[in-house]
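Architecture at a glance
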Amino acid sequence: MDLLRKYQDEDSDSGDSNSKPRNAAALSVSAAAGAENKTSASSSPDSSPLRLTLPRKSCAPKVDEILMALGAPGAPKDAHGRPIDPVQHTVAFNPTYDQLWAPIYGPAHPYAKDGIAQGMRNHKLGFVEDAAIEPFMFDEQYNTFHRYGYAADPSASLSDNNIVGDMEALKRNQGLSVYNLPQREHKRRKQDKKEDEDESDGGEEAENPASEEWLRKNRRSPWAGKKEGLQTELTEEQKKYAEEHAEKKEGKEKSETLTADKSTFHGKEESDYQGRSWITPPKDAKATNDHCYIPKRWVHTWSGHTKGVSAIRFFPKHGHLLLSASMDTKVKIWDVFNSGKCMRTYMGHSKAVRDISFSNDGTRFLSAGYDRNIKLWDTETGKVISTFSTGKIPYVVKLNPDEDKQNVLLAGMSDKKIVQWDMNSGEITQEYDQHLGAVNTITFVDNNRRFVTSSDDKSLRVWEFGIPVVIKYISEPHMHSMPSIALHPNTNWLAAQSLDNQILIYSTRERFQLNKKKRFAGHIAAGYACQVNFSPDGRFVMSGDGEGRCWFWDWKTCKVFRTLKCHESVCIGCEWHPLEQSKVATCGWDGMIKYWD
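Residues numbered from 1 in each chain as written. Predicted model: local features only at pLDDT ≥ 70, side-chain atom pairs only at ≥ 80, totals over all residues. Heavy atoms only, no water.

Observations concerning the overall build of the protein
Basically, it comes down to this: By the criteria applied, helices consist of DSSP H or I runs no shorter than four residues and strands consist of E runs no shorter than two, each listed in order from the N terminus. Exposure classes here rest on a 1.4 Å probe applied to the protein chains alone. A residue is buried below 20% of its type maximum, exposed above 50%, and partly exposed in between. All accessible areas in this document rest on Shrake-Rupley with a 1.4 Å probe, and a residue is counted as covered only by the protein chains that are shown.
When you go through the protein residue by residue, the secondary structure sums to 10 helices and 31 strands. Taking all 597 residues of the protein together, 34% fall into the buried category. Split by element, the accessible area of the protein, about 38,700 Å² in all, is 51% carbon and sulfur.

Some words on the nonpolar core
The criterion, for reference: Each nonpolar core is a collection of buried residues, namely Ala, Val, Leu, Ile, Met, Phe, Trp, Tyr and Cys, held together in the definition by side-chain atoms within 4.5 Å.
If you look at the biggest cluster of nonpolar residues, it comprises 17 residues, and the most contacted ones within it are Trp278, Leu323, Ile333 and Tyr346. Among the elements of the structure, β6 (321-326), β7 (330-335), β8 (342-347) and β9 (353-358) are those that each provide at least two residues to this core. Counting 16 residues, the second largest nonpolar core, distinct from the first, contains Val309, Ala525, Val570 and Ala585.

Digging into the sheet that holds strand β30 (residues 584-588)
For clarity, the threshold we go by: Pairs of strands are assigned from DSSP output, requiring at least two bridges between the strands. In this analysis an axis means a line fitted to C-alpha atoms, helices contributing only their contacting stretch, and an angle means the value between N-to-C directions, from 0 to 180 degrees.
Sheet architecture is open: four strands sit in the order β4-β31-β30-β29, paired in antiparallel fashion. Each of the sheet's edge strands pairs with one partner strand only, and the pair in question is β4 (298-303) and β29 (571-576). For this sheet the average axis-to-axis angle between neighbouring strands, irrespective of direction, equals 20°. Looking at chain direction, β4 and strand β31 (residues 592-596) are connected through five bridges and run antiparallel. Each residue of the ladder has a partner; that of serine 303, found in β31, is methionine 592.

Some thoughts on the pattern of salt bridges
Between side chains of opposite charge, pairing is possible as soon as their charged atoms come close. Where we set the bar: Salt bridges, as used here, are contacts in which a Lys or Arg side-chain nitrogen is within 4 Å of a carboxyl oxygen on Asp or Glu.
Enumeration over the complete set of coordinates arrives at 14 salt bridges. A salt bridge links lysine 583 to glutamate 580, with the shortest nitrogen-to-oxygen separation between them at 2.9 Å. Overlapping salt bridges, with partners in common, bring together Asp446, Arg449, Arg450 and Glu464 in one network.

Quick look at the UniProt feature "repeat: WD" (unreviewed entry) in the protein
Rule in force here: UniProt positions are given in the numbering used here, feature names are shortened, and annotations may be inferred rather than shown by experiment.
UniProt records the feature "repeat: WD" (unreviewed entry) for residues 302-336, 346-387, 432-464 and 564-597 in the present numbering. Helix makes up 0% of residues 302-336 and strand 57%, whereas the separation of the span's terminal C-alpha atoms amounts to 10 Å. With 0% helix and 58% strand, residues 432-464 has its two end C-alpha atoms placed 10 Å apart.

A few points about helix α6 (residues 135-148)
Cut-off, in case you're wondering: Expected span of a helix: the number of residues minus one, times 1.5 Å. Throughout, the arc means that of the directions going from the helix axis to the C-beta atoms.
With 14 residues, α6 extends 20 Å between its outermost C-alpha atoms, agreeing within 8% with the 20 Å of an ideal straight helix rising 1.5 Å per residue. Burial in α6 covers these residues: Glu140, Thr144 and Tyr148. Seen from one end, α6 has its buried residues packed into an arc of 25°, which puts them on one side. Of the exposed residues in α6, the ones pointing more than 90 degrees away from its buried face are Pro135 and His146.

A look at the pairing of β9
Buried residues dominate β9, accounting for five of its six residues. Across five bridges, the pairing between β9 and strand β10 (residues 364-369) is antiparallel. Note that in β10 the partner of phenylalanine 358 across the bridge is phenylalanine 365. Taken together, β9 and the strand that follows it, β10, pair antiparallel across an intervening segment of five residues, in which glycine 362 is found at a positive phi of about 80°.

As for the environment of tyrosine 370
Stated formally: In this description, contact between two residues means that some pair of their heavy atoms is separated by no more than 4.5 Å. Each polar contact in these results corresponds to two N or O atoms within 3.5 Å; when the atoms are within protein, one needs to be able to donate a hydrogen and the other to accept it, and residues that are neighboring in sequence are counted only if both atoms are side-chain atoms.
Here tyrosine 370 lies in the loop between β10 and β11 (374-378). Judged by relative accessible area, tyrosine 370 falls into the partly exposed class, the value being 30%. Linking tyrosine 370 and lysine 351, residues 19 residues apart in sequence, is a C-alpha distance of 5.4 Å. For tyrosine 370, the residues in contact, after removing those within four places along its chain, are Lys351, Ala352, Arg354, Ile393 and Tyr395. Among the polar contacts listed, one links the side chain of tyrosine 370 to the side chain of arginine 354, at a separation of 3.1 Å.

With respect to the sheet that holds strand β25 (residues 532-534)
Two strands in a sheet stick together by hydrogen bonds in their backbones, pointing the same way (parallel) or opposite ways (antiparallel). Spatial ordering of the open sheet is given by β25-β26-β27-β28, a layout of four strands whose pairing is antiparallel. Of all strands in the sheet, those bounded by a partner on one side alone are β25 and β28 (560-565). Between one strand axis and the next, the sheet turns through 20° on average, direction left out of account.

A short note on unusual backbone geometry
In this structure, lysine 416 takes a positive phi of about 75° despite not being glycine. Considering the arrangement of structural elements, one finds lysine 416 in the loop between β14 (408-413) and β15 (418-422). Not every positive phi belongs to a glycine, and asparagine 501 is a case in point at roughly 65°. Within the secondary structure, asparagine 501 is located in the loop between β22 (493-498) and β23 (502-507).

Things to note about the pairing of β31
β31 sits mainly inside the fold: four of its five residues count as buried. Sheet analysis places β30 next to β31, joined by four bridges and oriented antiparallel. Bridge pairing in β31 links alanine 585 to tyrosine 595. Connecting β30 to the next strand, β31, in antiparallel fashion are three residues, including glycine 591 with a positive phi near 85°.

Regarding the side chain of serine 498
Tracing the backbone shows serine 498 in strand β22. Discounting chain neighbours no more than four positions away, the residues touching serine 498 are His480, Ser481, Met482 and Leu504.

With respect to a nonpolar patch on the surface
In plain terms, the rule: Distance thresholds for patches are 9 Å for like charges and 5 Å for nonpolar side chains (Val, Leu, Ile, Met, Phe, Trp, Tyr), applied to residues having over 30% relative accessible area and no salt bridge.
Together, Ile133, Phe136, Met137, Phe138, Tyr142 and Tyr179 make up a nonpolar patch on the protein surface, roughly 620 Å² of accessible area in all. Residue classification places isoleucine 133 among the partly exposed residues on the basis of a relative accessible area of 40%.

Below, the structure is given as structure tokens:
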């Protein structure tokens, strides 16, 4: 090693003339020294550590040499000039803009007649590309070309203003299109058309109905207005028909607007030998047991309505009479204890009756019809005491249950309002207007200080009586419309018939929370306002359904207790007798009212 260093020093001291060969010798000697250092690296403590050389890596993708050869200057450029095949998933070269947007074509597809695969079709005749042109502009140029023979060139840019077609017509019309004719042109055309008609009027053929000229002149469009001039006289048969039609129409309008309020008594006598009225409850009508039972058999049928029955109500507290409202515009009251026959028919509505409601003592009742009228009836005499209307359809009517407020009427209307009347004066005293849909039910809670309403807007709203401000608003995304609500006998719970085929229970306390542990299901009530009700002791929940059945659930376990096939059509209403613990009345759209024991 000392000899090598000495030789290297001598080499550096030498002149410039011998620098090149000596430098070459130094490089060879240093290479040999490096090799010797590598061999003795482990033995010498002063030697440098061993260095590892890794192979180089390139991040550039591999280039296909065949495609490179095709793309060479001397190679043909057909591969790069052809449009891209839409079937291939990768492109190994940089395509041009024209290649990317070239129309799709290629060899014939084996399953397509015109060579276009089925998945690429967007028209029955093949593939139609979207055009960057507004429909109005296309229609304007299309109609202008067919009318005048010239149009704007669609292949040129908008700034070029290139025109294709008849250039003479373009100069003659000053480049106008069919949609921007000047006002003078319109007037001129109307004048020319009128002159042509006047010239054709003078000919003999125009007066001959058999000629084509007369047919062309007197041709009338079905969209034309009324013909000016005197109307031709009607024949005797036409006059007679017109008079009969007018009389029939006037009579129909009068019958709809003015329907006579009348009533018919069907019993033997309206009072007995002691002078007691026929609505007086029997003295021996008392509850024999506080425990209610599920009915098992069908014991009686009241049939007198010609159309479906929409609602039934027992006489308050005693239940010796049953009131029914029907779609045949009539309200009937039936005897329950004795004869089981119809006692009186109340006729005053011109359309179907929607809802009925007794007063606390049963001497009066309300009826709401689709003729937009609410009528207050005297139960005994059948006379109409008063009529209320706002011009909208009432869906539910209810009297305030307090004894000192029996003159206050609440009605849920089709115009999203709850209207409050004072029946003594006949004036509207309050309007509750917060719902977003027709109001379906009104239920008084909390000792009649509040009431709950449901609507077609799928919400429940709680109101303070007399104050038109919502104190509780219940609406959830999962909620459905609730067309019927019943109050539990202990007044702590509300049962709401939901249109998703279940009965939901809400608390009547301050928060009006949903009781998630109680849910009654199994029946099919979607689409029908089937009434829900409780037994007098609160042990059972019952409801009709859309298949004519009446369902009974146990209140505590929420399980189905019994099901009765009551009607051929929808079982819309069900009422538990207030005194006889095992008797239930049901009504349906088959026009029948059935009594079950």
